[in-house]
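Listed below, chain by chain, are the residues.
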Amino acid sequence: MVANRDGEIFDLPAFGSVGMAGETFFPLTESDTIDMPFGSELMMMPRKKPIVYSFETKEFEVLEFNPYEPDQEVFPVAVFNSPGYVNKYFPAYESEKDAGLLPLFSYGATGFGKDGFRSAAILIDNEPRQDLRLMPRKKILAGIKAMQKQYPDNRLMRHLENCATIYSCPAGKNFFLKRYEAPLPTARTCNARCLGCISLQEENLITSPQNRIKFTPTAQEIFEVATEHFNSVEKAVVSFGQGCEGDPLTAFKVIEPAIKKIRKKTSSGTINLNSNASMPGLVEKLFDAGLDSMRVSINSVRKPCYDAYFRPNGYKFKHVLKSIEQALNKNKFVALNYLNCPGFTDSRLEFEALVKFLQTYPVSMIQWRNMNYDPQGYCKVMFKAGGRSSELGVEFVINELKKLFPDLIHGYFNPPKEKYAR
Ligand code: SF4
């Protein structure tokens, strides 16, 4: 399956689709793929050439032109799988000279099977929290109207309107739909400079899909969003640390009083922190204030690979480990927001390090997130930082972890405290 320059997608009957993990090719088969999940999106990959499998020669081939229409250029096709699905491979491709990096999306391998589009992905969380079929625009707009009436001066809610209607953020939509988890963006800055940061990009000619929030909400504005959600939703979750902000720990001064205010008012609902967990002292204070759980963003448990991606500014990897250790000592729920890229995340070196990490830091959950970054560009940086080793397979890694750590939860979404009561 390839695309032409206009983005029209079509299959090439004499060739098979090929997935990639690191630098290794894998011809896609029916048994190795699933029906493309609802809500997934297909993308043409600009300035790349597809690598396909010839059924005739049984060889991998780089295609520049359509073998059936020799003057038509062809490009690889990737799938942006819906939330809850983990990529097993990314599409096999070769970059044109000076092609630059792909835009910030996750690129999953895909092909055309006997009954339609297929994804090389694994279902890791089937909760319908971000199922677009359950998030009608009309209802979102009605929810926005109701909040404008009830909270005319709440700037944070106005910001979430933009998230829900312009950025199409599922968490923003869920606040106005009164479902599951609502976002509490607060931070205008960050002390990391992630290669794939989706709220700020200052180099490499790639743009960030969102802009960072332009004001710091007050504790009262945060309190109103959180309690509005807790009053309206069963097993509700609210989370600091969203795609439209820096790291919430840099907004500690408003977050701590907001949490105290919420917990003074109600013990219901789950207050969660999505963060790079770079400031253990502040993390401890937030748990003391009433924070329930923490999700730590991490691309690797090996310092050189972590540093190469997060590019910490004023903190060290050991501070992240300290925050996790402290939270575990307080018997708090800790999840890893594990940024997955096939070929690196499932490499022998990363897997061995992850097993050791989990033995030392028995976190409660791994949330498997597809890395939103040029996959070959990412692997190149990671292999330089931490060495290359054989791919074990993302599915193999998840199954092995299930055997080695039976209590470890594998999923995608921040669970409500009712689900993991301590
Ligand atoms: S920690 Fe988050 S906000 Fe900070 S640079 Fe990384 S992705 Fe961006």
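Because the structure is predicted, anything quoted here is derived from the model rather than measured.

Parameters and conventions
- Within any chain, residue numbers begin from 1 and follow the written order of that chain's sequence.
- Confidence filtering applies because this is a predicted model: local features only for residues at pLDDT of at least 70, side-chain atom pairs given and counted only at 80 or more, and all residues used for totals across whole chains, interfaces and linings.
- With hydrogens and water stripped out, all remaining heavy atoms of the structure feed into the side-chain values.
- Two rings from Phe, Tyr or Trp (for Trp, the six-membered ring) form a pair when their centres sit within 6.5 Å of each other. Planes less than 30 degrees apart are called stacked, planes more than 60 degrees apart edge-to-face, and all others tilted.
- The numbering of helices and of strands both runs from the N terminus, where a helix is a DSSP run of H or I of at least 4 residues and a strand a run of E of at least 2.
- In this scheme, a residue with accessible area under 20% of its type's maximum is buried, one over 50% is exposed, and one in between is partly exposed, where area comes from a 1.4 Å probe on protein chains only.
- Here, strands pair whenever DSSP counts at least two bridges between them.
- When we say a residue is near a molecule or strand, we mean one of its heavy atoms is within 4 Å of it.
- Any residue outside Ala, Val, Leu, Ile, Met, Phe, Trp, Tyr, Cys, Pro, Asp, Glu, Lys and Arg is labelled polar, Gly included; the first ten of those are nonpolar and the last four are charged.
- Where helices are involved, their axes are fitted lines through C-alpha atoms of the stretch in contact, as for all axes, and angles between N-to-C directions lie from 0 to 180°.
- Each angle receives one of four descriptions, namely roughly parallel if under 35 degrees, roughly antiparallel if over 145, roughly perpendicular if within 65 to 115, and oblique otherwise.
- Should the near helix be turned counterclockwise from the far one by less than a right angle, the crossing is left-handed, whereas a clockwise turn marks it as right-handed.
- Here, two residues are considered to be in contact whenever any of their heavy atoms come within 4.5 Å of each other.
- Nonpolar core, defined: a set of buried Ala, Val, Leu, Ile, Met, Phe, Trp, Tyr and Cys residues in which side-chain atoms within 4.5 Å join the residues together.
- Domain borders in the structure are assigned automatically or taken from a domain database.
- The term buried area refers to how much accessible surface (probe radius 1.4 Å) is lost by two components on association, counted for both of them together.
- Salt bridge criterion: a side-chain nitrogen from Lys or Arg within 4 Å of a carboxyl oxygen from Asp or Glu.
- Here a patch means residues that are over 30% exposed by relative accessible area and free of salt bridges, tied together within 9 Å if like-charged and within 5 Å if nonpolar (Val, Leu, Ile, Met, Phe, Trp, Tyr).
- Using a 1.4 Å probe, the Shrake-Rupley method yields the accessible areas, and only the shown protein chains count as cover for residues.
- What qualifies as a polar contact is a pair of N or O atoms within 3.5 Å, subject to a donor-acceptor requirement within protein and to the restriction that residues adjacent in sequence count only when both atoms come from side chains.

1. A look at the packing of aromatic side chains
Part 1: Counted under the stated rule, the structure contains 18 aromatic pairs.
Part 2: Seen from their ring centres, Tyr306 and Phe310 are 4.3 Å apart, and the 5° between their planes marks the pair as stacked. Here Tyr306 pairs with Phe310, and both are found in helix H7 (residues 303-310), just four residues apart, close to one helical turn.
Part 3: According to the relative accessible area criterion, Phe310 is buried, its value standing at 3%.

2. Some points on the sheet that holds strand E6 (residues 34-35)
Part 1: The strand order across the open sheet formed by three strands is E6-E17-E16, and the pairing between neighbours is antiparallel. This sheet does not close on itself; its edge strands, each paired only once, are E6 and strand E16 (110-113).

3. Focus: the site of the ligand
Part 1: Around the ligand, the structure places Cys190, Ala192, Cys194, Cys197, Arg212, Glu245, Gly246 and Asn276.
Part 2: Considering only residue class, the shell around the ligand consists of four nonpolar, two polar and two charged.

4. Comments concerning the environment of Leu282
Part 1: If you trace the backbone, Leu282 turns up in helix H6 (residues 280-289).
Part 2: Note: C-alpha distance between Leu282 and Glu256 (26 residues apart in sequence) is 9.0 Å.

5. Quick notes on the packing of helix H5 (residues 252-265) against H6
Part 1: H6 packs onto H5 with a crossing angle of 20° between their chain directions and a minimal axis gap of 9 Å. Relative to H6, H5 is oriented roughly parallel. Handedness of the crossing formed by H5 with H6: right-handed. Between H5 and H6, the contacting residues are Phe252, Ile255, Glu256, Ile259, Lys260 and Arg263 on the first element and Leu282, Lys285, Leu286 and Ala289 on the second.
Part 2: Classifying every residue of the contact of H5 with H6 gives six nonpolar, no polar and four charged.

6. Some thoughts on the nonpolar core
Part 1: Grouped together as the largest cluster of nonpolar side chains are 111 residues, with contacts concentrated most on Phe357 and Leu401.
Part 2: Mapped onto the domain boundaries, this core takes at least three residues apiece from domain 1 (2-123) and domain 2 (132-420).
Part 3: The residues touching Phe357, leaving out its near neighbours within four places in the chain, are Val301, Leu321, Ile324, Leu336 and Val363.
Part 4: Within the second largest apolar cluster, six residues are counted, among which are Val2, Val52, Leu63 and Val74.

7. Thoughts on the side chain of Thr110
Part 1: Within the secondary structure, Thr110 sits in strand E16.
Part 2: Apart from the residues within four sequence positions on either side, Thr110 is in contact with Met1, Ser17, Leu28, Leu42, Val77, Ala78, Val79 and Arg118.

8. Re the domain arrangement of the protein chain
Part 1: As assigned here, the protein chain comprises domain 1 (2-123) and domain 2 (132-420).
Part 2: Placing a centre on the C-alpha atoms of domain 1 and another on those of domain 2 gives a separation of 29 Å.
Part 3: In this assembly, 29 residues from domain 1 lie in contact with 33 residues from domain 2.
Part 4: Both faces considered, domain 1 and domain 2 share a buried interface measuring about 2500 Å² in area, 63% of it formed by carbon and sulfur atoms.
Part 5: Among the residues of domain 1 in contact with domain 2, Phe38, Leu101 and Leu104 are the three that bury the most area, contributing 29% of the side total.
Part 6: Scanning the region where domain 1 abuts domain 2 turns up three salt bridges.

9. As for a nonpolar patch on the surface
Part 1: A cluster of nonpolar side chains, Ile9, Phe112 and Phe117, forms an exposed patch at the surface whose accessible area comes to about 250 Å².
Part 2: Locating Phe112 in the fold gives a position in strand E16.

10. A few points about the environment of Tyr89
Part 1: For Tyr89, the position within the fold is in the loop between strand E13 (85-87) and strand E14 (90-91).
Part 2: Tyr89 gets classed as buried once you look at its relative accessible area, which sits at 11%.
Part 3: Sequence separation of Tyr89 and Ala21 is 68 residues, and the distance between their C-alpha atoms is 5.3 Å.
Part 4: Within the local environment of Tyr89, its side chain forms a polar contact with the side chain of Asp32, the two groups lying 3.2 Å apart.

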